[in-house]
Amino acid sequence: MHDVQPEPSMSQQEFYLDSNATTEVLPPIAEAVMTALTQEYGNPSSSHITGIRAKARMERTRQLARQVMGADSGKVIFTSGATEGIQTAVISALQAARQAPLPRRPLLLYGATEHKAVPETLKHWARLFDLPAEVRAIPVDERGRLDLEFIAEHVDRALMICTMAVNNETGCYQDLAALERAIRTHNPQVPWMVDCVQALGKLPLALTATTIDYAPFSGHKLYAPKGIGWLYVREQAPFTPVIAGGGQESGWRSGTENGAGIAALQALFEMMLAESGPLADHQQLLAYRQTLVATLKRAFPELVFNQDHDCCVPTTLNFSVPGFSSKELMDLFDAAGIRVSSGSACSSKVTRSFVLDAMGLPAWQSESAIRLSFGPAMTEAELTAVCERIESAVGALATSCLLESDAVEDKFGLKGLIQLKAGSSCCWLYVDPDSDRCVVVDPLASLNERLERLIRCQDLVPVAILDTHGHADHVSSGVALRAALADRIPEQYRAVDELGWPNDCGTRRTLGDGQVMPALDLGSSVLVRAPLPGHTDDSVGLFLSREGRDTLVGSDIDFAFCGDTVLAGTLGRTNFTNSQPSALYHSLVHLSVWLSPDTLICPAHDYHHQFATSLAAECRQGGLLSQVIEGSLSERDFVVRKARLDEALVDEPGTELLCGADTGSCSAEPPVAEISSADLKRWQSEGRVMAVVDIREPHEFALSPGAGMDNVPLSRLVDFVAQNRYRLESDPLVLICRSGSRSQLASRSLRRLGLGNIVHVVGGYALS
Ligand code: PLP
């Protein structure tokens, strides 16, 4: 760690591949907006020349919108965007439904992969209108195509049906002609809305040749600014204005029109309708997709596309890479200067895509999806640069040993402790600093491939693959990992017990209270195993000392892998059939003798992103553990109180089994100190001495290094604490990452461990 002058900025050019979220405003469109704002700013309702000109432009734009949509009849109403258009369509249809006799068991139908704006609007207005209709999703197949038989069966009871032309996550387009047949054969009158937001500029449209009643659009998905959109309404469709007032837009949508937005649309439509110009045609877009697909497949040979390209617009790619979370890939692409989207929606703790779920794709694909989307203004030169960036990003992953590559020579050397996580479960890899020996603690099936790759790529010798106990929430993947690495495990360590401990471990060590325990020599470090029954009757503690003395007192033990015995803010639950709360009481007493207050306890679960804990950190927060250690709680009282805590633990069906009973000590989190990047620059220019640590992963750091900073990825945070404890207790330390979320977690965890002046940079590099 050294003091630095950081330059927290991503100096490289950025490539924006998130067009389905929004797009930049193209220069000619921005110019048109500027002219409208500064020169042609009249109110179309004014009868003077400035007003007349504004009105003429508005009507010209409406005509162009008709050409773009293939709609020579019907209304074209300028709106603030698609969400407003959707409200108008839904209110119009429901208002009409209220005035007619309702069918039996009425339905409001929408496609299961529709943008949330659609079902939420249906539910909202059905509730406000007191309409007793069920809002029902139309299922889709594995390609995202609507189930036409379901529609044929249910549409006769529908008060409205909402579908989308092109899906925003996958780019999947519907067969509108087939859809129309399914709808109209069984219900010629039902109001039908087709969300055309993602179709604009990607698919030819001919709306008046169809019986589509409503089609909302948003300008910002295709190079116009946010705040302007339009709604097409078929001639015969029911219509109710949503915004009443001065009677603008023929009384269909009151309020002074957005002249600058309309000017932007005019410029956009002229561009779209021009024979040639900056927008690529369909063939060109297909060629771009082909190049990107080839590059991605070369970069990630195991990549899986979450879409069928045969029924998707060429501008959206949605994929998952086995072994990588979408967060990891997002971070990687961001560091490479490529902006993509995780392609999934966050809901509480679970990050997955409801669109991919509705398509029935496997859970891992839904949880790890990446969406890469571009628009027709993409150029050949940009595409080439993006492909080069993807290749360099993947090169950086290979230097981290996260991807296989024979070509990589200067790999990052891995020494010390590495924490790997799958959800809230933790698995630990320890590499002896002076030899090539390593151990794995609490392996997890979803991380086996990554562990195997790391161990092979770093040329390590796995001496043991260990479990701290027989886990209740998963079967140990130790057997599979030992089989996968059989060629690298030394002969003498191959015969193991149930928890993976070698039958012939070769040595023993004495703990602080004089008890002699079996030990594994790892080179300069040693791993000692001691029983810790309670959570389960087979629970053990694995104590790692970087200096393998014969007798290990608490301060000699750097890391204690205690499985689910002590979790951060929590004790392991003791209401399994093989649990014993009284045994846990004695195990905790033993731990307080064997470990120092600051020994880093490395748990098998990390429910609150605290990485590791220590007896001192747990005691600072109070709770049962501190009372056991202080001797203020008898074994009997402990058992009674622990039973109460365990009773409060509710295992919800379908969710992760919780292994820890909350001791109620988690609430008193120390506050996290924050600074802005401007503060950081000022502090540095004032010469206030501090160390700045970039806590992104090494491959991110390699792609866009923070100038002069050290790199300590989150996976190495616990090791970093062990190596730098004395310094961290006094010196100020600034943590920075991509967006400020990892640095916030890390600084919270370090403070919880009692480590001094830690601050993090709010917004990270993103706001520098
Ligand atoms: N429909 C689809 C398919 C979309 O992708 C979006 C925006 O992401 C919307 C509707 C809502 O558009 P806006 O937020 O511009 O109103």
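A. Region of the structure containing the packing of helix 8 (residues 282-299) against helix 12 (residues 380-399). Between helix 8 and helix 12, whose axes approach to 9 Å, the crossing angle comes to 10°. When the axis of helix 8 is compared with that of helix 12, the two are roughly parallel. Within the contact between the two elements, helix 8 uses Q284, Y288, T291, L292, T295, L296, R298 and A299 and helix 12 uses E380, L383, V386, C387, I390, E391 and V394. Residue composition of the contact of helix 8 with helix 12, grouped by class: 9 nonpolar, 3 polar and 3 charged.

B. Up close: the site of the ligand. In the vicinity of the ligand, the contacting residues are A82, T83, H115, M164, N168, D195, V197, Q198, S218, H220 and K221. Between the ligand and H220, the relevant distance is 2.7 Å, taken from an oxygen atom to a side-chain nitrogen or oxygen of the residue. Expressed as a share of its isolated accessible area of 390 Å², the protein-covered part of the ligand is 85%. Of the residues contributing to the shell around the ligand, the split by class is 3 nonpolar, 6 polar and 2 charged.

C. Spotlight on the packing of aromatic side chains. Tallied over the full model, the rule gives 10 aromatic pairs. Centre to centre, the rings of Y585 and F638 are 5.5 Å apart; their planes meet at 55°, and the pair counts as tilted. With Y585 in helix 15 (residues 581-594) and F638 in helix 18 (residues 635-647), the pair connects residues that are 53 residues apart, well separated along the chain. The class of Y585 is buried, set by a relative accessible area of 11%. By the ring-pair criterion, three or more aromatic residues cluster together here, those being F217, W230 and F269. Across the ring face of W252, the terminal group of K75 is positioned such that the distance to the ring centre comes to 5.1 Å. Here the guanidinium or amino end of K421 rests over the ring plane of F611, the centre of that ring lying 4.8 Å away.

D. Region of the structure containing unusual backbone geometry. One non-glycine residue, R105, lies in positive phi territory at about 45°. Positionally, R105 belongs in the loop between helix 3 (82-98) and strand 3 (107-111).

E. Quick peek at the sheet that holds strand 31 (residues 710-711). Sheet architecture is open: 5 strands sit in the order 29-33-32-30-31, paired in parallel fashion. Since the sheet does not close on itself, it has two edges, and those belong to strand 29 (673-675) and strand 31, each with one partner. As paired elements, strand 30 (residues 691-694) and strand 32 (residues 733-736) share 4 bridges and run parallel to each other. Within strand 32, the residue paired with V692 across the bridge is V734. Seen against the sheet, helix 22 (residues 741-752) touches strand 29, strand 32 and strand 33 (758-761) and runs at an angle of roughly 175° to strand 33.

F. Broad picture of helix 7 (residues 259-273). Between the first and last C-alpha of helix 7 there are 21 Å, a value that for 15 residues agrees with the 21 Å anticipated at 1.5 Å per step. Counted residue by residue, helix 7 has 11 buried out of 15 residues, so it is predominantly covered. Taken residue by residue, helix 7 has A260, G261, I262, A263, A264, L265, Q266, A267, L268, F269 and M271 as its buried positions. Of the surrounding elements, those touching the buried residues of helix 7 are helix 1 (27-38), helix 2 (49-69), strand 2 (75-79) and strand 8 (229-233).

G. The arrangement of the domain arrangement of the protein in detail. Assigned domains within the protein: domain 1 (27-273), domain 2 (280-399), domain 3 (438-647) and domain 4 (673-767). Between domain 2 and domain 3, the C-alpha centre-to-centre distance is 39 Å.

H. Representation of the environment of S46 in the model. Among the secondary structure elements, S46 is positioned in the loop between helix 1 and helix 2. A C-alpha to C-alpha distance of 47 Å links S46 and Y288, two positions 242 residues apart in sequence. With residues near it in sequence (within four places) discarded, S46 still touches G51 and I52.

I. Seen up close, the environment of S626. For S626, the position within the fold is in helix 17 (residues 624-630). Along the chain, S626 and L588 lie 38 residues apart, while their C-alpha atoms are 9.7 Å from each other.

J. Broad picture of the pairing of strand 21 (residues 526-531). Buried residues dominate strand 21, accounting for 5 of its 6 residues. Direction of pairing for strand 20 (residues 516-521) relative to strand 21: antiparallel, over a ladder of 3 bridges. Note that in strand 21 the partner of L520 across the bridge is L527. The pairing of strand 21 with strand 22 (residues 540-545) spans 6 bridges and is antiparallel. Its bridge partner being in strand 22, A530 is matched across the sheet by G541.

K. The arrangement of the nonpolar core in detail. Judged by nonpolar contacts, the single largest core of 65 residues is most densely connected at L429, L520, L527, F559, F561, V718 and L733. A domain split of this core shows at least three residues from each of domain 3 (438-647) and domain 4 (673-767). Contact partners of V718, with chain neighbours within four places excluded, come to L417, Q419, W428, F559, L600, C602, F611 and A612. With 60 residues, the next largest nonpolar core counts L146, L179, I262 and L356 among its residues.

What counts as what
Residues numbered from 1 in each chain as written. Predicted model: local features only at pLDDT ≥ 70, side-chain atom pairs only at ≥ 80, totals over all residues. Heavy atoms only, no water. Axes fitted to C-alpha atoms, helices over the stretch in contact; angles between N-to-C directions. Helix = DSSP H or I, 4+ residues; strand = E, 2+ residues; numbered from the N terminus. Parallel < 35°, antiparallel > 145°, perpendicular 65-115°, else oblique. Contact = heavy atoms within 4.5 Å. Nonpolar A, V, L, I, M, F, W, Y, C, P; charged D, E, K, R; others polar. Near = heavy atom within 4 Å. Polar contact = N/O pair within 3.5 Å; in protein donor to acceptor, adjacent residues only side chain to side chain. Areas by Shrake-Rupley, 256 points an atom, 1.4 Å probe, with all protein chains shown as cover. Phe/Tyr/Trp six-rings, centres within 6.5 Å; stacked < 30°, edge-to-face > 60°. Buried < 20%, exposed > 50% of the residue type's maximum accessible area, 1.4 Å probe, protein only. Lys NZ or Arg CZ within 6 Å of the ring centre and 35° of its normal. Pairing = 2+ DSSP bridges. Expected span 1.5 Å × (residues − 1). Domains from an automatic or database assignment. Core = buried A, V, L, I, M, F, W, Y, C linked by side-chain atoms within 4.5 Å.

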